[in-house]
Amino acid sequence: MKDKKIAYSRITSAVLKYSSDFFHGEGFTQLMPVVLSPITDPLGPDPGSSVIKTGEIEYLGQKLSLTQSMILHKQIALKEGLERIFIISPNVRLEHPGRKESGRHLFEFSQVDFEIARAKKEDVFSLMEKFLSGIVFHIRSDYTEELEILGRELPKIEGPFEVFTTHKLIDEYGKDWEREASMEKKMPFWATSHKREFYDKEDPSNPGHYLNYDLIYPEGFGEGLSGAEREHEYDIIMKKITRDKLDASRYLPYLEISKDGLVPSAGGGFGVERMVRYLSGAEHVGDVQLFRRVPGEKVVV
Ligand code: ASN
């Protein structure tokens with residue numbers, strides 16, 4: 001067990017280093033994470049989300065949320081003039097305790113969150129295909145001892161990955177498409193066009209379809225990254241906040257900044273622990289954490 005913990009920690013360390021080197025190499029600027037802010041990702045309405053409440057603290061009379069994702073800050077950072085950014089970003093999502101059994105949920109985790117000014121979804125596809133095939137090659141070559149301790153035979157990965165709309169996946173695999181298709185596929189694939197948070201762009205030429213995507217790992221490991229092209233026009237953002245019955249007063253600083261338009265962009269974020277789970281073949285994503293944060297389990301340290 002001790003050996004396994006060391007192996008998971010070493011693979012986690014490899015993912016963090018590989019991610020930093022990769023994104024720096026692709027011309028990205030690394031930003032510091034934000035942990036407390038008056039604004040954060042609403043995480044909804046998303047049928048995949050089961051967050052029971054947003055973590056909050058009060059400091060000097062101001063209510064500050066714990067970051068659920070830095071999406072809104074990423075858009076603001078591009079408005080400041082940055083072009084390609086990434087952040088290794090701790091997220092707190094107070095998930096329903098029933099999520100313990102999914103094997104894929106944590107209430108505290110980190111994601112590698114990135115955003116590119118004026119990019120399209122195809123730019124993110126090719127970037128992540130390069131990233132994933134590269135990191136799998138690296139772990140297979142340089143972490144053989146760890147993979148052996150963990151009993152993991154990690155198959156090679158090669159892009160481009162197949163792309164399916166969520167509508168098509170539901171037709172083919174039913175409501176539980178993510179699990180079913182992930183079990184069946186031998187390569188990661190992209191699932192596109194979910195109805196999700198207001199900041200994901202609706203296809204102007206095809207209303208009801210969205211220019212967003214999930215990267216789904218094969219072998220049953222499920223979703224590893226989500227992202228989208230973004231809404232950048234104030235009126236559309238406002239309309240969608242109303243559509244989603246969100247309290248606009250919780251987004252005031254963001255709305256103020258978006259009044260004369262945000263920068264069109266595309267990006268995404270992948271969970272570090274979920275990637276380590278996939279690379280190392282762990283049963284539960286909590287197993288890869290030295291300090292477990294599994295919904296429904298008491299925190300020890
Ligand atoms: N990081 C995701 C994105 O860029 C958002 C999220 O984690 N909810 O779209």
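The structure presented is a predicted model; accordingly, all values stated were derived computationally and were not measured. (Residues numbered from 1 in each chain as written. Predicted model: local features only at pLDDT ≥ 70, side-chain atom pairs only at ≥ 80, totals over all residues. Heavy atoms only, no water.)

Caption draft 1: Structural detail: the overall build of the chain. Counting its regular elements, the chain contains nine helices and 13 strands. What you see for the chain is a C-alpha radius of gyration of 19 Å, in line with the 19 Å of a compact globule of 301 residues. Along the first, second and third principal axes, the C-alpha atoms of the chain reach 55 × 45 × 40 Å. When the 301 residues of the chain are sorted by exposure, 52% land in the buried category. Nonlocal contacts in the chain, meaning residues at least 24 apart in sequence, comprise 74% of its contacts between residues at least 6 apart. (Helix = DSSP H or I, 4+ residues; strand = E, 2+ residues; numbered from the N terminus. Rg over C-alpha atoms; globule rule 2.2 N^0.38 Å. Buried < 20%, exposed > 50% of the residue type's maximum accessible area, 1.4 Å probe, protein only. Contact = heavy atoms within 4.5 Å.)

Caption draft 2: Expanded view of the site of the ligand. Residues in close proximity to the ligand total 13 residues, the closest being Asp41, Lys74, Arg93, Asp113 and Arg230. One nitrogen or oxygen atom from the side chain of Gln111 is found 3.0 Å from an oxygen atom belonging to the ligand. For the ligand, whose unbound accessible area comes to 270 Å², protein coverage reaches 93%. When contributions to the shell around the ligand are tallied by element, the ones reaching two or more residues are strand E8 (108-117), strand E12 (222-229) and strand E13 (265-271). Residues belonging to the shell around the ligand are distributed by class as follows: two nonpolar, six polar and five charged. (Near = heavy atom within 4 Å. Polar contact = N/O pair within 3.5 Å; in protein donor to acceptor, adjacent residues only side chain to side chain. Areas by Shrake-Rupley, 256 points an atom, 1.4 Å probe, with all protein chains shown as cover. Nonpolar A, V, L, I, M, F, W, Y, C, P; charged D, E, K, R; others polar.)

Caption draft 3: Representation of the packing of aromatic side chains. Applying the stated criterion across every chain yields a total of 18 aromatic pairs. Ring geometry for Tyr18 against Phe131: centres 5.4 Å apart, planes inclined by 80°, an arrangement best described as edge-to-face. In this pair, Tyr18 is assigned in helix H1 (residues 2-25) and Phe131 in helix H3 (residues 121-142), connecting sequence segments 113 residues apart. Here Phe131 and Phe270 contribute two aromatic rings whose centre-to-centre distance is 5.0 Å and whose plane-to-plane angle is 45°, an arrangement assigned as tilted. (Phe/Tyr/Trp six-rings, centres within 6.5 Å; stacked < 30°, edge-to-face > 60°.)

Caption draft 4: Looking closely at the sheet that holds strand E11 (residues 212-217). Ordered by their spatial adjacency, eight strands build an open sheet running E1-E6-E8-E13-E12-E11-E10-E9, and the pairing between neighbours is mixed. Two strands bound the open sheet, and with one partner strand each, they are strand E1 (29-30) and strand E9 (162-165). Of the pairings in the sheet, the one linking E12 to E13 comprises five bridges and is antiparallel in character. From the neighbouring strand, Leu225 faces E13, where its bridge partner is Phe270. Along the sheet, helix H6 (residues 177-184) makes contact with strand E10 (189-192), E11 and E12, crossing E11 at roughly 50°. (Pairing = 2+ DSSP bridges. Axes fitted to C-alpha atoms, helices over the stretch in contact; angles between N-to-C directions.)

Caption draft 5: Region of interest: helix H7 (residues 234-243). Those residues of H7 that sit buried are Ile237, Lys240 and Ile241. Around the axis of H7, the buried residues are gathered within 105° of arc, so they sit on the same side. Turned more than 90 degrees away from the buried face of H7, the exposed residues are Asp235, Lys239 and Thr242. Where the residues of H7 are buried, they touch helix H8 (252-258). (Arc of directions from axis to C-beta.)

Caption draft 6: Structural view of the packing of H1 against H3. Their axes nearest at 11 Å, the elements H1 and H3 cross at an angle of 140°. Accordingly, the angle class assigned to the pair H1 and H3 is oblique. Viewed along their axes, H1 and H3 form a crossing whose handedness is right-handed. Seen from H1, the contacting residues are Ile11, Ala14, Val15, Tyr18, Ser19, Phe22 and Phe23; seen from H3, they are Leu127, Lys130, Phe131, Gly134, Ile135, His138 and Ile139. Taken together, the residues of the contact of H1 with H3 sort by class into ten nonpolar, three polar and one charged. (Parallel < 35°, antiparallel > 145°, perpendicular 65-115°, else oblique. Left-handed = near helix turned anticlockwise from the far one by under 90°.)

Caption draft 7: Layout of the environment of Lys130. By the element assignment, Lys130 lies in helix H3. Separated by 30 residues in the primary sequence, Lys130 and Pro160 place their C-alpha atoms 8.8 Å from one another. Residues contacting Lys130, with those up to four places away along its chain left out, are Phe22 and Glu26.

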